[in-house]
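Survey of secondary and tertiary structure
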Amino acid sequence: MADARPLTDAPDDDAVTALLAESLQAALAEHHVPGAVAGVVSNDVRHVASAGVGHHELPRAVDGDTLFQVGSITKTLTSAAVMALVQDGRLCLDDPVEAHLPGLGDATGLDTEAITVEVALAHTAGFDGDHLFVEGARDGLATLSTARRFFHPGTGWSYNNAGFSIVGEVIAAAAGVPFESFVRERLLDPLGMATAGFRADDVITRDVAAPHWVFDGAAYVLRGIGWQPGWELTPLDRAAGGLVASVNHLLEWCRFQWSGTGLDGTRLLTDDSLRRLHHPVTAEVRPGESVALDWFVHTHEVGPEHAPAGGSASPDPSGPVTTIEHGGTTVGYISDLVVAPDQRVGIVVLTNATNGAAVTQAVRRTMLAELLGVVESDPVPDPDLRPDLDRLTGVYEHAFATLTVTAGDDPRTVVVTPSARDVDGWQPPVTSPVTFGFSSPTDIVSLDQPAPVKVAHFDPDGDRAQWLLWEHRRAPRTGDVPGAPT
């Protein structure tokens with residue numbers, strides 16, 4: 001890993017900053033998102049652009065220090081906190097979580113000997129990881145006693161928020177202090193992220209962007225809705241997605257991924273620990289995508305025709321570029337973070353609206369091409385594929401909806417129709433049916449979905465698909481389409 005200096009700010013007339021601002025403002029105007037901030041770090045130089053306001057009703061311009069809920073980007077700090085404890089000798093990645101949380105297996109019925117710290121960090125724990133969001137953690141982790149089981153731990157993959165709730169408790173047990181206290185002491189404060197936090201009380205006196213919903217081009221402030229009982233996440237959710245931070249904070253977090261140092265140069269994580277964090281643990285969970293200790297890992301082929309225009313430190317701009325990435329979603333906030341550690345490049349985009357993913361994608365794609373020569377594009381359906389639709393059609397039970405998969409009017413397509421699940425707990429609003437084409441016999445890409453496109457993946461084995469990977473979550477097949485021949 002290369003040594004790194006504290007970040008310096010680019011001059012006002014910097015070309016990278018100008019392109020960042022241009023792409024952000026265009027995306028914000030197109031999608032009517034109230035406010036967004038984007039940042040880039042390249043060779044330890046920080047570029048920040050902002051547009052719009054933090055609160056539609058009380059308009060005040062956002063900037064690089066405005067705080068946003070960053071959702072699941074938090075998980076990358078949780079994984080780093082684990083590695084700090086590994087360095088301390090207080091836990092090991094192959095420790096069963098039961099070793100640190102005795103009685104959890106009895107309380108939940110989960111195989112907490114097979115669920116190791118690494119298994120939880122790599123989203124391979126095998127149960128419904130959104131169960132706490134749907135049901136509410138009324139009994140703490142014991143609420144997981146009624147969570148659906150998908151596969152034996154370590155034998156499959158499904159994005160698992162509750163696995164990180166468990167890891168947060170493991171960190172607290174190993175460190176002897178609450179999760180957020182350990183993260184602040186070992187990561188936030190040394191990295192100059194002192195104004196970041198997990199509670200409303202931590203950040204209420206700061207400049208905080210409010211959450212919004214955008215409908216028909218108009219923004220509405222969100223209050224008291226969704227799976228969060230209040231604006232902040234509950235203590236049990238904090239390790240999974242509770243961080244409130246700014247773009248400037250997260251640009252320092254990008255720098256940390258190649259330096260491992262605090263602002264004063266003190267080593268927080270060794271090079272070996274960083275490599276362990278970033279190294280894939282799973283096989284491909286989708287084409288071109290594997291998972292490390294929470295980080296999503298992508299390797300991009302970069303040809304000479306896409307050589308970066310500025311900022312890359314890569315000695316061979318035509319060689320492959322590996323990025324580690326994570327997005328974040330809470331009620332009314334969408335965030336995205338991409339790091340190319342070898343090239344010392346990081347990209348962060350934070351938005352304060354439910355449709356912010358279109359903005360984060362537009363900005364990240366512009367800056368990946370500019371800085372790294374990486375041209376991201378949507379998967380394209382293969383017009384020659386004739387998939388076995390009988391194998392795929394059926395009813396699948398996702399954490400947040402029942403998904404009915406039927407054959408489309410075109411024999412090369414399927415239609416996925418969400419409906420409300422029959423559960424007592426919280427469920428998101430039901431979305432409209434989506435038509436998908438096939439990029440492989442088991443991979444589908446939306447044809448009528450506004451940006452960003454939706455992708456999903458069917459179980460590749462057996463005569464009938466037994467699950468659908470939808471929004472990175474496994475949705476088990478529960479039956480046939482009503483009225484369809486069997």
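As a reminder, the structure under discussion sits directly above these lines.
Throughout what follows, the structure given in this document is the object of discussion.

Conventions used here
Residues numbered from 1 in each chain as written. Predicted model: local features only at pLDDT ≥ 70, side-chain atom pairs only at ≥ 80, totals over all residues. Heavy atoms only, no water. Helix = DSSP H or I, 4+ residues; strand = E, 2+ residues; numbered from the N terminus. Rg over C-alpha atoms; globule rule 2.2 N^0.38 Å. Buried < 20%, exposed > 50% of the residue type's maximum accessible area, 1.4 Å probe, protein only. Lys, Arg positive; Asp, Glu negative; His and termini not counted. Charge placed at Lys NZ, Arg CZ, Asp CG, Glu CD. 1 Å grid on protein atoms, 1.4 Å probe; cavity = no way out; pocket = protein on both sides within 12 Å on 5 of 7 lines; lining within 4 Å. Points joined across faces, edges and corners; volume = space filled by probe spheres on them. Nonpolar A, V, L, I, M, F, W, Y, C, P; charged D, E, K, R; others polar. Phe/Tyr/Trp six-rings, centres within 6.5 Å; stacked < 30°, edge-to-face > 60°. Lys NZ or Arg CZ within 6 Å of the ring centre and 35° of its normal. Contact = heavy atoms within 4.5 Å.

With that settled, the discussion passes to the overall build of the protein chain. The helix and strand tally for the protein chain stands at 14 helices and 20 strands. For a compact globule of 486 residues, the expected C-alpha radius of gyration is about 23 Å, and the protein chain comes in at 22 Å, within 12% of that figure. Its C-alpha atoms give the protein chain principal-axis dimensions of about 65 × 50 × 50 Å. Expressed as a percentage of the 486 residues in the protein chain, the buried residues total 57%. In the protein chain, which carries 31 positive and 65 negative side-chain charges, the distance between the mean positions of the two groups comes to 2 Å.

Moving on to the layout of surface pockets. By volume, the second largest pocket amounts to about 320 Å³. In terms of lining, the second largest pocket is formed by 20 residues, of which the most central are Gly156, Trp157, Ala283, Glu284 and Val285. Sorting the residues of the lining of the second largest pocket by element identifies α5 (117-121) and β19 (467-470) as the ones contributing at least two each. Split into classes, the residues belonging to the lining of the second largest pocket amount to 10 nonpolar, five polar and five charged.

By the definition in use, this model includes nine aromatic pairs. Between the aromatic rings of Trp213 and Phe215, the centroid separation amounts to 5.2 Å while the plane-to-plane angle is 20°, which identifies the pairing as stacked. A relative accessible area of 39% places Trp213 in the partly exposed class. With centroids separated by 5.8 Å and ring planes inclined at 40°, the aromatic side chains of Trp213 and Tyr220 adopt a geometry described as tilted. Judged by relative accessible area, which is 42%, Tyr220 ranks as partly exposed. An aromatic cluster is built from Trp157, Tyr159 and Phe296, whose rings are joined through pairwise contacts. The positively charged end of Lys75 is found above the aromatic ring belonging to Phe164, 5.6 Å away from the centroid. The ring of Trp467 is capped by Arg474, whose NZ or CZ atom sits 4.2 Å from the centre of that ring.

What follows concerns the side chain of Ser23. One can find Ser23 in helix α1 (residues 15-31). Here Ser23 falls in the buried class, since its relative accessible area comes to 11%. When sequence neighbours within four positions are dropped, the list of residues in contact with Ser23 reads Val363 and Thr366.

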